[in-house]
Structure formats: C-alpha cells, structure tokens
Amino acid sequence: MAVNFKDYLPQLKELQEIDRRLRQVEFELAAIPEQLETSGAEYLVVARALQEKETTLSTMNKERQSLETLIKEQTIQVQEREKRLYAIKTQKEYQATLKEIAQMKKETKDREERVLKLLEEGEKLTQEITQLKSQAADKEGGYRQIEGELKKRQEEVETEKARITERRPALLKELPPEILKKYEFIKKRFADALASVKKGICQGCNMNIPAQFYNEMLRAADLRNCPNCHRLIYPEEV
Ligand SMILES: [Zn+2]
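Residues numbered from 1 in each chain as written. Predicted model: local features only at pLDDT ≥ 70, side-chain atom pairs only at ≥ 80, totals over all residues. Heavy atoms only, no water.

Enquirer: Kindly report on the coordination of the zinc ion, identifying the contributing residues and their values.
Expert: Protein coordination at the zinc ion: the donors are Cys202 (SG), Cys205 (SG), Cys226 (SG) and Cys229 (SG), at 2.2 to 2.3 Å from the metal. In this structure, the zinc ion is surrounded by 4 donor atoms whose angles at the metal cover 104 to 115°, and the resulting shape is tetrahedral. Donor residues for the zinc ion sit on one chain with the sequence pattern C-x2-C-x20-C-x2-C. Pair noted here: Cys202 is in strand E2 (residues 201-202) and Cys229 is in the loop between strand E3 (224-225) and strand E4 (232-235), with a separation of 27 residues, a long-range link. With a relative accessible area of 0%, Cys202 lands in the buried category. The class for Cys229 is buried, based on a relative accessible area of 6%. (Donors = N, O, S within 2.8 Å, 3.2 Å for Na, K, Ca; no water. Tetrahedral: all angles 85-135°; square planar, octahedral: opposite > 155°, others 65-115°. Helix = DSSP H or I, 4+ residues; strand = E, 2+ residues; numbered from the N terminus. Buried < 20%, exposed > 50% of the residue type's maximum accessible area, 1.4 Å probe, protein only.)

Here is the structure:
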C-alpha cells in the first residue's frame, strides 16, 4: 500500500522545524561561554590576576611561617649546644660542636634573609592585591549582570531544547519509515531537507521545476524530489 506523503506533510514540517531549532539552540548554547568571556574580558583579566597574586602570597606566607618555625627551633638548639660547650672534655668534641654551631647559625642566617625577602615581596604583593581588589570591585557589577542575563538565556534555551528533544521521538513514530529514510538521507546534504515549491520554483535551490513535473506533483500523493537539488518538495498552498 502506497504511503500518502501529503497526509504526513504536517509531521514532516514539524520535524524539520524541530531539527532546525535544535541546530540553532545547540549553536546558541555553545556560544554562551565565549560570549561571557568576551563581554566580561576586562573583569576576568583583573579577577584572574587577583586570584593568581593571592595564591602566590599565600604560598609565600606559608613558606615564611615554616621558616620562622625552623629558625626558632634552631636558635634553641644552638643555645643548648653553646651551654654544652662548657662541659665538653675533649678538644675533638669541642671542635666538632663549634663547627656544628657555626653551621646551624649559618643556616639560620640564610633562613632569616629569606624571611626578610619574603616579607618585602609580600608587602609589595599585598599592595598590588589591594589595587586589584578595588579594580575588580569596579568591574564586577557589570560582569555579574551580563553573567546573570546569559545564565537566564541559557536556562531558557535549555528548557526549549529539552521540550523539542522530547517531542522528536513521538514525531518519528508518527512518520512512515520510508519517508523518514528519505528525509534523513537528504538531511545529510541539506539541513532543510524539505522544501516548498512556490510559483513553480523550489524554495530550497531556487530553481524552476519543469511544468509537467509540477503538474504531476500536484496530482500525485507520493513523495517527490526536486529534479535539481533532490530535496523533498511539496506544493505551497496558495
Ligand atoms: Zn530544489
């Protein structure tokens, strides 16, 4: 039994519309992160620099604190050894302890120098962070607004996407497999696999449909392809 193509035209039109909209919403969704990046570039540059400097400062502070602990511990150890010196009996042990003390003092001195350097750098960094914070605060309002608008848009588009994605399988079930097969085959080449014919012209490729072919198409119920572009065609109601 031949399938009457014209009976399925509304479903086919809806399917094409769903597929067209799906491509659009996917395109729109994919573009949102870049839009936010572009619109918020000024703020993001400042915010990222701020974060980077805060991380550096925190690393530096941790290093400084651990050095300060080591310095304290070693100062006590040096004091203990210095006290012990008086009780040492052999020259050899005495020399060895002196050497040890000198070594520890040298280590402590190096650590103190490093602590000073970290303090200096930390101070500079703290100033930079203060400046960046104020810059970020100036720009954040605008950025958050754009972010909010884009997020809202994203939610709307995702809702629409979910709705039409859900509708699609039901529509596929309504359409005979032979029509679907043709539609999917042509869709590989043209996003708009279905095209109307208006005043004898295929709206997909803008070429004339031969008059005889057109007249046959009007009478027949089957599915025709444009002789030129091979899209599925149907006569537009006048
Ligand atoms: Zn055509």
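Enquirer: Kindly report on the side chain of Gln16, identifying the contributing residues and their values.
Expert: Position of Gln16 among the secondary structure elements: in helix H1 (residues 9-39). On the basis of relative accessibility, which here comes to 15%, the residue Gln16 falls in the buried class. Apart from residues no more than four positions distant in its own chain, Gln16 is found in contact with Tyr183, Ala191, Asp192, Ala193 and Leu194. (Contact = heavy atoms within 4.5 Å.)

Enquirer: So what's going on with the environment of Lys83? Which residues, and what values?
Expert: In this fold, Lys83 is placed in helix H2 (residues 41-85). In the structure, Lys83 is positioned 61 residues away from Leu22 in sequence and 83 Å away in space, judged by C-alpha atoms.

Enquirer: Residue-level account of the sheet that holds E3, with values.
Expert: In space, the 4 strands of this open sheet follow the order E2-E1-E4-E3, with mixed pairing throughout. In this open sheet, the two edge strands, each paired with only one partner strand, are E2 and E3. Relative to E4, strand E1 (residues 194-198) runs parallel, the two being bridged by 4 bridges. In the strand pairing of E4, Val197 is matched with Pro235. The sheet strands contacting H1 are E1 and E4, and the helix crosses E1 at an angle near 120°. (Pairing = 2+ DSSP bridges. Axes fitted to C-alpha atoms, helices over the stretch in contact; angles between N-to-C directions.)

Enquirer: How would you sum up the pairing of E4? Please name residues and give values.
Expert: Burial along E4 is two-sided: Leu232 and Tyr234 and Ile233 and Pro235, pointing in opposite directions, are all buried. Hairpin connection of E3 to E4: 6 residues between the antiparallel strands, including His230 at a positive phi of 70°.

Enquirer: Which residues make up helix H4 (residues 177-187), and what are the values?
Expert: Residues of H4 that are buried: Ile179, Leu180, Tyr183 and Ile186. One side of H4 carries all its buried residues, which in axial view fall inside an arc of 140°. Relative to its buried face, H4 has exposed residues pointing more than 90 degrees away, namely Pro177, Lys181 and Phe185. The elements touched by buried residues of H4 are H1, helix H3 (91-174), E3 and E4. (Arc of directions from axis to C-beta.)

Enquirer: Give a detailed account of the pattern of salt bridges, specifying residues and quantitative values.
Expert: Under the counting rule described, the total for this entry stands at 28 salt bridges. In this structure, Glu17 and Arg20 form a salt bridge, with 2.5 Å as the shortest nitrogen-oxygen distance. Of the two residues, Glu17 and Arg20 both sit in helix H1, 3 residues apart, roughly one turn of that helix. Look at Arg20 and you get partly exposed, because its relative accessible area is 33%. Between Glu113 and Lys109 there is a salt bridge, and its shortest N-O distance comes to 3.3 Å. With Glu113 and Lys109 both in helix H3, this residue pair falls 4 residues apart, about one helical turn. (Salt bridge = Lys/Arg side-chain N within 4 Å of Asp/Glu carboxyl O.)

Enquirer: Break down the domain arrangement of the chain for me, with residues and values.
Expert: Partitioning the chain into domains gives domain 1 (5-22 + 176-235) and domain 2 (40-167). Of note, the centres of domain 1 and domain 2, computed from C-alpha atoms alone, are 66 Å apart. Across the contact, 4 residues belong to domain 1 and 6 residues belong to domain 2. Of all residues in domain 1, Ile18, Arg21 and Leu22 give up the largest surface area on contact with domain 2, accounting jointly for 82% of the area buried on that side. The tally of links between domain 1 and domain 2 comes to 2 salt bridges. In this structure, Arg167 and Glu14 form a salt bridge, with 2.8 Å as the shortest nitrogen-oxygen distance. If you look at where domain 1 meets domain 2, you find 2 residue pairs in polar contact (both at pLDDT 80 or more). For the side of domain 1 that touches domain 2, a count of residues per class yields 2 nonpolar, no polar and 2 charged. (Domains from an automatic or database assignment. Buried area = accessible area lost by both parts, 1.4 Å probe. Polar contact = N/O pair within 3.5 Å; in protein donor to acceptor, adjacent residues only side chain to side chain. Nonpolar A, V, L, I, M, F, W, Y, C, P; charged D, E, K, R; others polar.)

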